[in-house]
Amino acid sequence: MSPPRRSSSSHGDRTSTENLQKNNSSNSGVILDISTLKMAEVDSEVPPLPPRYRFRDLLLGDQTFQNDDRVQVEFYVNENTFKERLKLFFIKNQRSSLRIRLFNFSLKILTCALYILRVSLDNPKDTPCPMCQNNSLTNTTETPGEIKWGYIFWVNRRVPVWAIQVTVALISFLETMLITYLSYKGNIWEQIFQISFILEMINTVPFIITIFWPPLRNIFVPVFLNCWLAKGALENMINDFHRAIQRTHSAMFNQVFILICTLLCLVFTGACGIQHLERAGKELSLFDSFYFCIVTFSTVGYGDVTPQIWPSQLLVVILICVALVVLPLQFEELAYLWMESQKLGGNYSRHRAQTEKHVVLCVSSLKIDLLMDFLNEFYAHPRLQDYYVVILCPTEIDIQVRRILQIPLWSQRVIYLQGSALKDQDLMRAKMDDAEACFILSSRNEVDRTAADHQTILRAWAAKDFAPNCPLYVQILKPENKFHVKFADHVVCEEEFKYAMLALNCVCPATSTLVTLLVHTSRGQEGQLSPEQWQRTYGRCSGNEVYHIRLCDSKFFGEYDGKSFTYASFHAHKKYGVCLIGVKREDNKSIMLNPGPRHIMAATDTCYYINITKEENSAFIFKQEEKHNKGLPVTGLYDAPSRLPVHSIIASMGTVAIDLQNPDPPEESSKLTLPTENGAGSRRPSIAPVLEIADSSAILPCDLLSDQSEDETNQSDEEGSVGSDFVKGYPPNSPYIGSSPTLCHLLPQKAPFCCLRLDKGCTHNSFEDAKAYGFKNKLIIVSAEMAGNGLYNFIVPLRAYYRPRKELNPIVLLLDYPPDNHFLEAICCFPMVYFMAGTIDNLDNLLQCGIIYADNLVVVDKESTMSAEEDYMADAKTIVNVQTMFRLFPSLSIITELTHPSNMRFMQFRAKDCYSLALSKLEKIERDKGSNLAFMFRLPFAAGRVFSISMLDTLLYQSFVKDYMIAIARLLLGLDTTPGSGYLCAMKITEEDLWIRTYGRLFQKLCSSSAEIPIGIYRTESHMFSTSESQVSINVEQGEEQRDRRESWKEKTAHRNSTTSDQSEHPLLRKKSLQWARRLSRKSAKPSSRAERISQQRLNLYRRSERQELSELVKNRMKHLGLPTVGYDEMNDHQNTLSYVLINPPPDTMLELNDIVYIIRSDPLAHMPEDSQVGQTRSMRNQQDFGTETRDETHL
């Protein structure tokens, strides 16, 4: 360290200051400010400032006096000695050190090349021997087996080669001595006994001695040993290179490189050494010795070339011993690194990322079900077949997942990388910046779902920070965490969708099945080989999905430019079998479902429709287009002489059925009247035609449906007293940020928290059970572990403004833990919403909350059961509890949420029913065929009785191709409300409505009268599942079976024009179904005996007594609680029926009694007069005033 410099003269002071600044910038010095030191010695020694500095201070302003006491002290990081500068240049500096090592490596390679040149020019017979001047090597007598040692110690080295070798030796010697001097740390022997130093001395000192002693110029020097020095120089050079460019290479690359260099050095050393030693025996060329080394190290050992004298044989032994020690260590290290790299997954190369398309899947833990759902749905789209999937997961790959990824179907397209999305190095390995999309999924199996969301949020932030242009598809669990990832391109909140779907299941049966089938990719070929009619129809309609197309580019809707939306929807369905459900204007980003007849279709509109396949893949379009081009009339498919491909017919099956009809013009269909046997008094008006441009003021609700205006104008006094105190408005308190505002039925004043408790009275009322309230409508009971913010989305759809007041069902929340005040603050404004602390495994709690007066019981999956020792056992408690309630309350509709979809086979489990076992066999068959919907034929799922949120994972995957799917699903479930957009509801077909006959006529009736769009049917059929019927053996002769087969074939061919039929009218189908069930369940056909009939009667008696025992148990508990037992009807069950969903059935589908039709009803506010809208807005503002005080208490 140099001492601080100080000068009394102004010139000297300025010069010293400038020198200090230069030295500081060049030597990285540190300036020490000691202006704060107040020492008398320093003050006495500091001279006063020169006058010109004082004048400068006067011009620049009055500075503090402390500036006069500032002294610059420089601390040198590096010593300014000659040795330190050399050390910095040769060793410490990365770039200069890299150049030195590159030069050293070149010298070593040059020496090896000179050795090979010397060997190629050397002739042993011309070798001079300075030590034997009297007897030259050429004149010695050769004795068999004698070793000519002179050929070993002396070689024929020509003068140019010697001169170059001496020059290189001098340079290497000086460089080695300099590096040794610079690396000296106090122990000279440590430097001397290094292997590299010894090799340098062996290869350089002899050449230097020959300068001063010319007779030794032809002495042998093992220059080929420089290959080991070249190996070390190359390794150091590569390390310096990566340090210089600030990039690192993988350990696998480094180890492979070391292994290759070691093998090359061993082979080169052995070849040169054996060749030189064999000069004294059997002369071998350098190529022969190289050949011998390769054969020996590869353990082949042909024996055609072998060393003849013992020095060369000893060298071979030494080399083999060295190889046996060095190479296994290298291979072990390489194998270890390879295994570790297999765990980490390696890298996705930059070249592949730039030439191929890939997406990144980020998950915290990868399960086999999650992986297969993603891969099956992602690769179900034809244009994604060339994409690669890079999985980034922090955990080690699971054994089952590894086995799946080794299948050739996935091994070439799926790459697993172990790493964290929070590390830029791992994101770089996955080439996130070049990815087409990034899917970030939450771990729903975690007990703490909030912590799982926090991890997802950090992953989304890290991905956005690393690759801002990469589209993000994020799955979040809790709705209160959704606003943290609002920047993502697509977000699916699990609890929002789950609770909204479960709520709609209570008013629109099997909504969960409807939405699940819509968001799954299917070709509609499931169940087509089954003899069951309902399975074929249900499987074919399950292939309907939502597609989009611009109106001007469409053959389906292009002709309806300038027509009303209702007109286009009806005629497109009548002509092509497609269901137009929504539209989006070019200048508006919002999608509107059924905007109503006021919406006039424009050429730039984007149409959203439901069909088996998208329009571009419909084969019949091209046939009609060809006929238009040729001037031929357009007819149905089968009117044309040409034959379509089989796969096109299958893909367009719903459309084929329509084209076969060749429907009549609208004028004839508008004159439909009721059959005369219905009587003149019950005649309904005929179905009116759907107008091209309808007057929306003339659109009235269809008489098939409950009029929405009834709850305001035509209510009776008793009904009006129930809902007269309800108002419509927006909920004043939202439990979380980001909830969409929805117009709902609200209370004029908030209900006190004590009144929300169902099982305890308060000062406002003394009711302690559901019976005491005297509800007019059936209850909806929700069993959940705790009152999460997602339950808010269960209440809102059931209290939406478009629900008639007289049809509002009371909602009872049966919670394991009492809710907090924030949740009560959010629900206290809704009418008829109560809570109660209890569990579903407690019969008393169920009876107190009014389960015998309930129509629906919703069992929500509990978070505490998510984590189990065995993954699929997470649903065990829920399944057993639901099975108990199914036995205790057979008439109750129980809607259950499960963690794993595969566990739905245990819902309503019947161990001895061969029909259920046959459905299990069918599920396995469909799974083996590669179906994504193998579980769809399970009766609880088809009926909408069971649901798993993991089924909606495909909604996020589909949004990569269909970016509108999340928006449409939210509109269908009522999570979002767009002005002018309709909503999903249902209507029931009664005996008075059967005159309409077909689904197509119903479509026309709804469009013409109330501007509603039907999208599907929920059908319930009678079916016997009892063990007695299932086990009745059939003794049918061979001829009768053949006759049944012929008749069933005729019925199949006749059914091509009709997709549905009443199975009660076809006993042959009933018999065929029983035969199919027995065949799949492998029941042996044995003639019934008397003993079997007696055992069956005993079984029926046992079941009857069991039901009576359960009934007595329930009644006794009700009497103990003081509840009346009149409402408990133990015999009213629906166990002998099956239900299923038909999405967009063909127009000729026959309507059946008790069919429930899913319809999209247009927004009532869109057709209201302006004065009524103004009045309603004022009322909403008035009723919202009471909730403004608590808006700031939103729970985050």
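The present account deals with the structure reproduced in this document.

Within a pair of aromatic rings, the relevant descriptors are the distance that separates the centres and the angle that separates the planes. For the coordinates displayed, the defined rule picks out 35 aromatic pairs. When the centroid spacing of 5.8 Å and the interplanar angle of 85° are considered together, the rings of Tyr538 and Phe937 count as edge-to-face. Taken together, the positions of Tyr538 in helix H22 (residues 533-541) and Phe937 in the loop between helix H34 (914-928) and helix H35 (939-942) put the pair 399 residues apart, joining distant regions of the chain. Among the aromatic residues, those joined into a ring-pair cluster are Phe374, Phe378, Tyr379, Tyr387, Trp410, Phe439, Tyr473, Tyr957 and Phe960. The aromatic ring of Trp162 is capped on one face by Arg217, whose charged end is 4.2 Å from the ring centroid. Directly above the aromatic system of Tyr379 lies the positively charged group of Arg413, at a separation of 4.0 Å from the ring centroid.

Moving on: the packing of helix H4 (residues 82-92) against helix H7 (residues 159-182). When two helices pack together, their arrangement is captured by the angle between the axes and the distance separating the axes. One way to put it is that H4 packs onto H7 with a least axis distance of 10 Å and a crossing angle of 115°. As judged from the angle between their axes, H4 and H7 are roughly perpendicular. Once H4 is placed against H7, the crossing between them reads as left-handed. Contacts between H4 and H7 involve Lys83, Leu86, Lys87, Phe90 and Ile91 from the former and Leu178, Ile179, Tyr181 and Leu182 from the latter.

Another aspect to go through is the nonpolar core. With 204 residues, the main nonpolar core has Phe378, Phe439, Phe557, Phe794, Phe830 and Ile851 as its most contacted residues. At 8 residues, the largest contribution of residues to this core is made by helix H20 (residues 494-507). Each residue touching Phe378, except ones within four places of it in the same chain, is listed here: Val359, Leu384, Tyr387, Val389, Phe439 and Phe960.

Attention now moves to the environment of Phe257. Relative to the elements of secondary structure, Phe257 occurs in helix H11 (residues 251-277). Classification of Phe257 as buried rests on a relative accessible area of 17%. Apart from residues lying up to four places away in sequence, Phe257 is in contact with Leu234, Glu235 and Ile238.

With that settled, consider the sheet that holds strand S22 (residues 1156-1161). Spatial ordering of the open sheet is given by S19-S22-S20-S21, a layout of 4 strands whose pairing is antiparallel. In the strand order of this sheet, the two ends are held by strand S19 (983-988) and strand S21 (1137-1143), each with one partner. Strand-to-strand twist across the sheet, computed as the mean angle between neighbouring axes with direction ignored, equals 25°. Taken strand by strand, helix H38 (residues 999-1009) contacts S19, strand S20 (1013-1022) and S22, and its axis lies near 135° from that of S20.

With the rule as written, the count across this model stands at 15 cavities of 30 Å³ or more. Lining the largest cavity are 14 residues, with Glu495, Tyr499, Met786, Asp861 and Glu863 positioned closest to its centre. Among the residues making up the lining of the largest cavity, the classes are represented as 5 nonpolar, 1 polar and 8 charged.

On to the environment of Ala271. Turning to its location among the elements, Ala271 is positioned in helix H11. Of the residues examined, Ala271 reaches a relative accessible area of 4% and is grouped as buried. Considering only alpha carbons, one finds Ala271 and Cys293, 22 residues apart in sequence, at a separation of 6.2 Å. Ignoring anything within four residues of it in the chain, the contact list for Ala271 reads Leu286, Ser289, Phe290 and Cys293.

This next bit is on the side chain of Thr210. Along the chain, the position of Thr210 falls in helix H9 (residues 195-212). Taking relative accessible area as the criterion, Thr210 reaches 2% and is therefore assigned buried. Among the polar contacts made by the side chain of Thr210, one reaches the main-chain carbonyl oxygen of Phe207 at a distance of 2.4 Å. Filtering out sequence-adjacent residues up to four positions away, Thr210 remains in contact with Trp162, Val166, Leu216 and Arg217.

On to the sheet that holds strand S16 (residues 854-859), then. Here 6 strands make up an open sheet; going across it, the order is S15-S14-S13-S16-S17-S18 and the pairing parallel. Across the chains shown, the open sheet's two edge strands, defined by having one partner strand only, are strand S15 (833-837) and strand S18 (946-948). Each neighbouring strand pair of the sheet contributes to a mean axis angle of 20°, computed without reference to strand direction. In this sheet, strand S17 (residues 893-898) lies alongside S16 in parallel orientation, the contact comprising 4 bridges. The partner of Val858 across the bridge, within S17, is Ile895. Relative to S17, H20 is tilted by about 165°, and along the sheet it contacts strand S13 (779-784), S16, S17 and S18.

Attention shifts here to helix H12 (residues 286-297). In this model, H12 (12 residues) spans 17 Å end to end at C-alpha, consistent with the 16 Å of a helix rising 1.5 Å per residue. Following H12 by one or two positions, Thr299 adopts a phi angle in the positive range, close to 60°.

Before going further, it helps to spend a moment on H7. The end-to-end C-alpha separation of H7 is 35 Å, in line with the 34 Å expected for 24 residues at 1.5 Å each. Along H7, the positions that sit buried rather than exposed are Val161, Trp162, Gln165, Val166, Val168, Ala169, Ser172, Glu175, Thr176, Thr180 and Leu182. On its buried face, H7 is in contact with H4, helix H5 (94-121), helix H8 (188-192) and H9.

Below, the discussion takes up the packing of H20 against helix H37 (residues 965-973). Here H20 crosses H37 at 40°, and the two axes come no closer than 9 Å. By the angle between their directions, the pair H20 and H37 is classed as oblique. As for the relative orientation of H20 and H37, their crossing is left-handed in sense. Contact residues: Glu496, Phe497, Ala500, Met501 and Leu504 in H20; Ile966, Ala969, Arg970, Leu972 and Leu973 in H37. A class-by-class count of the residues in the contact of H20 with H37 yields 8 nonpolar, no polar and 2 charged.

Phi at Ala1011 is positive, roughly 55°, even though this residue is not glycine. Look at Ala1011 and you get buried, because its relative accessible area is 0%. In this model, Asn1154 sits at a positive phi of 70°, which is unusual for a non-glycine residue. Note that Asn1154 resides in the loop between S21 and S22.

Criteria and cut-off values
- Residues numbered from 1 in each chain as written.
- Predicted model: local features only at pLDDT ≥ 70, side-chain atom pairs only at ≥ 80, totals over all residues.
- Heavy atoms only, no water.
- Phe/Tyr/Trp six-rings, centres within 6.5 Å; stacked < 30°, edge-to-face > 60°.
- Helix = DSSP H or I, 4+ residues; strand = E, 2+ residues; numbered from the N terminus.
- Lys NZ or Arg CZ within 6 Å of the ring centre and 35° of its normal.
- Axes fitted to C-alpha atoms, helices over the stretch in contact; angles between N-to-C directions.
- Parallel < 35°, antiparallel > 145°, perpendicular 65-115°, else oblique.
- Left-handed = near helix turned anticlockwise from the far one by under 90°.
- Contact = heavy atoms within 4.5 Å.
- Core = buried A, V, L, I, M, F, W, Y, C linked by side-chain atoms within 4.5 Å.
- Buried < 20%, exposed > 50% of the residue type's maximum accessible area, 1.4 Å probe, protein only.
- Pairing = 2+ DSSP bridges.
- 1 Å grid on protein atoms, 1.4 Å probe; cavity = no way out; pocket = protein on both sides within 12 Å on 5 of 7 lines; lining within 4 Å.
- Points joined across faces, edges and corners; volume = space filled by probe spheres on them.
- Nonpolar A, V, L, I, M, F, W, Y, C, P; charged D, E, K, R; others polar.
- Polar contact = N/O pair within 3.5 Å; in protein donor to acceptor, adjacent residues only side chain to side chain.
- Expected span 1.5 Å × (residues − 1).

Scope: geometric values only; no functional claims are made or implied.
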